[in-house]
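Single-letter residue listing:
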Amino acid sequence: MRKRWIAWIIRHAKWVIVVWLVVLIISVSVAPRLPRTLSAGGFSNPRSESAVASQIMARDFPAQNPNTLLIVIANVQTQVTTSSVREVIDHLAGRLRRQSWVQHVTTAYQPPNPVMIGDHGHATYLIVRLATTHSTVAQNLVPQLTRLVAHSLPPFDRFWVTGGPALNAALNTATQHDVTAAERIAFPLLIVVLLWVTRSVMATLIPLGVAGFVLPTSMALAYVVARHLTLNILLTNAISMIGLGVVVDYALFIVSRYRQELDNVVPAVAIQRAMTSAGRAVFFSGVTVLVSLAALFLAHLMIFTSIAVGGVLVVAVAVAAAWSLLPAGLVLIGTQIRRGTLPGASWPQAMTRWRRWVNRIVRHPWAFLVPGILGLGVLAVPVASLRMQVPVASARALPSHSPARQGLSFLTAHFATRDLFPIDIVITSPRSLTTPQALQPIVQLTAHVMAEPGVTAVIGPTTWARGWSAAQYAVADQRWHTLPPAMQDAVTQTVAVTHGARDALIRVVPRAGPNAVATHVLVARLRHSMPRWVAGTGLSAWIGGQTATGYDFDQSVQHRLPWIILAVFGVSLVILTWTFRSWILPLQALLFNGLVTLASLGGLTAVFQWGWGTGQGTGSLNSVTPVVLFAVLFGLSMDYEVFIVSRIREYRLTGLSTTHSIRQGVAETARLVTGAAAIMIAVFGAFATVPVGVVRQLGFALALAIALDALIVRPVILPAAMRLFGEFNWWNGRRLSQSLSTPGIDMSVEEESP
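The rules behind these values
The written sequence of each chain sets the order in which its residues are numbered from 1. The predicted nature of this model means local features are confined to residues of pLDDT at least 70 and side-chain atom pairs, given and counted, to a pLDDT of 80 or more, with totals for whole chains, interfaces and linings taken over all residues. For the side-chain quantities, the full set of heavy atoms in the structure was used; hydrogens and water were omitted. The secondary structure listing takes helices from DSSP runs of H or I that are at least 4 residues long and strands from runs of E that are at least 2 residues long, numbered from the N terminus. Relative accessibility under 20% of the residue-type maximum defines a buried residue, over 50% an exposed one, and the middle range a partly exposed one, all with a 1.4 Å probe and only protein chains included. Contact between two residues is taken to exist if any of their heavy atoms lie within 4.5 Å; hydrogens are not considered. Note that His is not counted, nor are the chain ends; the positive residues are Lys and Arg, and the negative ones are Asp and Glu. Where a charge lies is defined by one atom per residue type, namely NZ (Lys), CZ (Arg), CG (Asp) and CD (Glu). What a helix should span is 1.5 Å times the count of its residues minus one. In this description, the arc belongs to the directions extending from the helix axis to the C-beta atoms. In this analysis, the protein atoms alone were mapped onto a 1 Å grid. Cavities are point sets where a 1.4 Å probe fits without being able to get out; pockets are open sets with protein on both sides within 12 Å along at least five of seven lines; lining residues have an atom within 4 Å of a point. Grid points are joined across faces, edges and corners, and a volume is the space filled by probe spheres set on the points. Three residue categories are used. Nonpolar comprises Ala, Val, Leu, Ile, Met, Phe, Trp, Tyr, Cys and Pro, charged comprises Asp, Glu, Lys and Arg, and polar comprises the others, including Gly. When DSSP finds two or more bridges between a pair of strands, those strands are recorded as paired. Geometry is summarised by axes, namely lines fitted to C-alpha atoms with helices restricted to the contacting stretch, and by angles between N-to-C directions that run from 0 to 180 degrees. Any Lys or Arg side-chain nitrogen found within 4 Å of a carboxyl oxygen on Asp or Glu counts as a salt bridge. Whether two aromatic rings pair depends on their centres lying within 6.5 Å, for rings of Phe, Tyr and Trp, where Trp uses its six-membered ring; planes under 30 degrees apart make the pair stacked, over 60 edge-to-face, and the rest tilted. Bend, at a single residue, is the angle you get between axes fitted to the 7 residues ending at that residue and the 7 residues starting at it.

J.: Which residues make up the overall build of the protein, and what values go with them?
T.: The helix and strand inventory of the protein stands at 25 helices and nine strands. Taking the principal axes of its C-alpha atoms as reference, the protein extends roughly 100 × 55 × 45 Å. In the protein, which comprises 754 residues, the proportion classed as buried is 56%. The long-range fraction of contacts in the protein, counting pairs at least 24 apart against all pairs at least 6 apart in sequence, stands at 81%. Taking the average location of the 55 positive side-chain charges in the protein and that of its 29 negative ones, the two points are 5 Å from each other.

J.: I'd love a proper account of helix H2 (residues 13–30), names of residues and values included.
T.: For H2, with 18 residues, the first-to-last C-alpha span of 26 Å sits near the 26 Å given by 1.5 Å per residue. Of the residues making up H2, those classed as buried are Ala13, Val16, Ile17, Trp20, Leu24, Ser27 and Val30. Projection of H2 onto a plane perpendicular to its axis shows the buried side chains occupying an angular sector of 140°, all on one side. Of the exposed residues in H2, the ones pointing more than 90 degrees away from its buried face are Lys14, Trp15 and Ile25. Buried residues belonging to H2 abut helix H1 (2–11), helix H8 (201–226), helix H11 (302–322) and helix H12 (325–333).

J.: Lay out the layout of surface pockets in plain terms, naming residues and giving numbers.
T.: Roughly 610 Å³ of internal volume is contained in the second largest pocket. Lining the second largest pocket are 27 residues, and of these Pro143, Ala166, Ala169, Ala170 and Thr173 lie nearest its centre. Secondary structure elements with two or more residues in the lining of the second largest pocket: helix H5 (135–140), helix H6 (142–152), strand S5 (157–163), helix H7 (164–198) and helix H15 (403–414). The biggest single contributor to the lining of the second largest pocket is H7, with nine residues. Class assignment of the residues belonging to the lining of the second largest pocket gives a composition of 16 nonpolar, nine polar and two charged.

J.: Please give an account of the sheet that holds strand S8 (residues 503–510) that cites residues and values.
T.: Spatially, the four strands line up as an open sheet ordered S7-S8-S6-S9, and their pairing is antiparallel. Each of the sheet's edge strands pairs with one partner strand only, and the pair in question is strand S7 (455–459) and strand S9 (540–544). Direction aside, neighbouring strands of the sheet carry axes that sit 20° apart on average. Along the sheet, helix H3 (residues 49–60) makes contact with strand S6 (423–428), S8 and S9, crossing S9 at roughly 100°.

J.: Any chance you could break down the pattern of salt bridges for me, citing the residues and the numbers?
T.: This structure, assessed with the given rule, holds 16 salt bridges. A salt bridge links Asp263 to Arg338; the nearest nitrogen and oxygen atoms lie 3.6 Å apart. Linking Asp263 in the loop between helix H9 (234–262) and helix H10 (267–294) with Arg338 in the loop between H12 and helix H13 (347–363), this pair joins segments that are 75 residues apart in sequence. Judged by its relative accessible area of 56%, Asp263 falls in the exposed class. When the shortest N-O distance is used, the salt bridge between Glu641 and Arg714 registers 2.1 Å. Separated by 73 residues along the polypeptide, Glu641 in helix H22 (residues 624–653) and Arg714 in helix H24 (residues 693–725) bring together distant segments of the chain. For Glu641, a relative accessible area of 0% translates into the label buried. What you see here is one network of salt bridges that share partners, running through Arg257, Glu261, Arg273, Arg647, Glu650 and Glu668.

J.: Which residues make up the environment of Gly212, and what values do they have?
T.: If you trace the backbone, Gly212 turns up in helix H8. In this structure the C-alpha to C-alpha distance between Gly212 and Leu244, which are 32 residues apart in sequence, comes to 9.3 Å.

J.: For the packing of aromatic side chains, give the residues involved together with the corresponding values.
T.: For any pair of aromatic rings, the description consists of the separation of the ring centres together with the inter-plane angle of the planes. If you walk through the whole model with that rule in mind, you get 20 aromatic pairs. Taking the centre distance of 5.5 Å and the plane angle of 70° together, the rings of Phe608 and Phe700 count as edge-to-face. Within this pair, whereas Phe608 is found in helix H21 (residues 584–609), its partner Phe700 is found in helix H24, the two being separated by 92 residues in sequence. Classification of Phe608 by relative accessible area gives buried; the value is 12%. Ring geometry for Phe630 and Phe634: centres 5.1 Å apart, planes at 40°, overall tilted. Separated by four residues within a single helix, Phe630 and Phe634 lie in helix H22, roughly one turn from each other. Counting every residue linked through ring pairs, the aromatic cluster contains Tyr125, Trp160, Phe410 and Phe415.

J.: Describe H24, listing the residues and the values that go with them.
T.: Each turn of an α-helix holds 3.6 residues, which means side chains three or four residues apart point in the same direction. At Val713, H24 shows its largest kink, close to 50°, and the proline Pro715 lies no more than four residues downstream. Downstream of H24 by a residue or two, Gly726 has a phi angle that is positive, lying close to 55°.

J.: Tell me about the environment of Leu330, residues and numbers included.
T.: Its location among the elements puts Leu330 in helix H12. Along the sequence, Leu330 and Gly617 sit 287 residues apart, while their C-alpha atoms lie 49 Å from each other. Once you skip the residues sitting within four places of it in the chain, Leu330 turns out to touch Ile206, Ile254, Val255, Tyr258, Ile271 and Ile337.

Right, here's the structure in full:
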């Protein structure tokens, strides 16, 4: 089947390239639309308790709409309470209220609210509640609102637009900018590495040319998917980061084998041989990567779905291009692939050096295997202290120059308000909460919450008027529309009097910030105690808010992670067993990949969580990073395993002993695998320079993992382990003599002189 397909491609090479050119033209026109369809959300579990609380709040407490922007204004010349400044801000508020996409605007003036005045009277902020509940629509309104504010304020006023939608919009912009910046770093590095590996200008341009087809096509396909699914902006990072490395590696493997075969046969035969050997390895490697990335769908969380969609699409397109566009291109290029050959060590010379290295390993396998495994084990030690926590209500994922981040930092530093990110307790009752009897359980519940360590304040249905009894609060709830405006707000923000008065909202202000460990512990304690506190009262309670959303996301990740690991291990075992026709080699591969994953996680923990080398430890890793690292790394590192072992198996099938096959296979592929790894390291290293936290962590961890894989596992641990297993490497459940059904197999293990 494979031979017939390649023969067809060779006969119709020009038409294949024409089809790909048409696809590219369409993709280039469609792909730029992708970022506008993506969201910065997805770090939440839509089936969690916090999601239920959010739904009730959206229905019964519209004033707590999460799509709320904060306009922070600092006046360095005079105080914001003076009539001149107040007139400007009132004018701005009036312009905002006239916009169809604005639902409500709150200022510090009507009614007077001293909490909204900070920096010793030189700063204030406006609360702008948007008229949409769709997060993507909200974040797309941020630029329009920012322009309106800029035109309304005097030039000597400083202002920042912040809040959830602004932070999301800033993250989208930063991600798009960072992808471009990372690609600008990666492409020159790729050219240098490819020239070093191939020693040929033409052989360098081919993989880059294939990447030029694959990336836009993948982006265009992702746009089609994003029209029907809400996906995160990190999808673009996944396509660029994974796609650049994979497509260049796959093309490099096939082109290198083609050049090698071209020394002995005509181009058409060389293409056939390259595709049935290196192309076969690329196909099974691609399938393994697809399976690993598809396992992220098991998390049922939008952020993982987004990364999986991006990764699966780009790998699928890369494999398709490797099996159609690339061989068609080689047909047209033919022997011209030798053009632009650069001086340097020849392929046979490089093989000789690697053969000497492998000879040392096969003579003394234990001397190499044990230190290699111990080294990876030492690097994995920090994993014992790994803490996974998604940053919520935080701007630290953004660049320091981001206005949304600066505004939030200014607000936190210069204003007395501490309830920007409270813990929300949503109470539902079977009866109206406008009677003393119905409010009394809430009085007791509020007292329990207030007594919890780490709680600074509690704002609820029975706390907004000091010294009042439950009966007085009940009367206020019944006659809320006759109260002064400030008291009306207090009632409507804590009891759903406009929706039957059966729901209440208690807002808990924690002593620590929303991302602090202590606040996460407080959420866990409240969740544990709440059933006991409401028992026998008829009340139901759900705990929400930003911290609870992050807590639920982290819990969901931890619960799903074992299933993702089992899925990747199980399906990879099946695919590799089918590829190698052996049980032992796949088990070795899973073990080695597991070691590399743990070692890279250990390095990631030491650098980012502890702050080694940077002095700026975050105290935790983004919950997304370890899961995506496992899925991506497990698939990508299998590329080298499949490529090397497939070559060793080729020699074993010719009748060489396993030891001779290891020597020849590793020596022949080592330089190429090292170069392919260098390409991956260059790509991931480029993404490790971006300011967006999760992308920087992933880029660093993947670059470290590929380096460990290329420097320790493939050239040291793999040949040492295969030498120790000997002929048992090929056992597939039958007798060893039947495992490789090739006559004349040399079962000896004699040593070859260096």
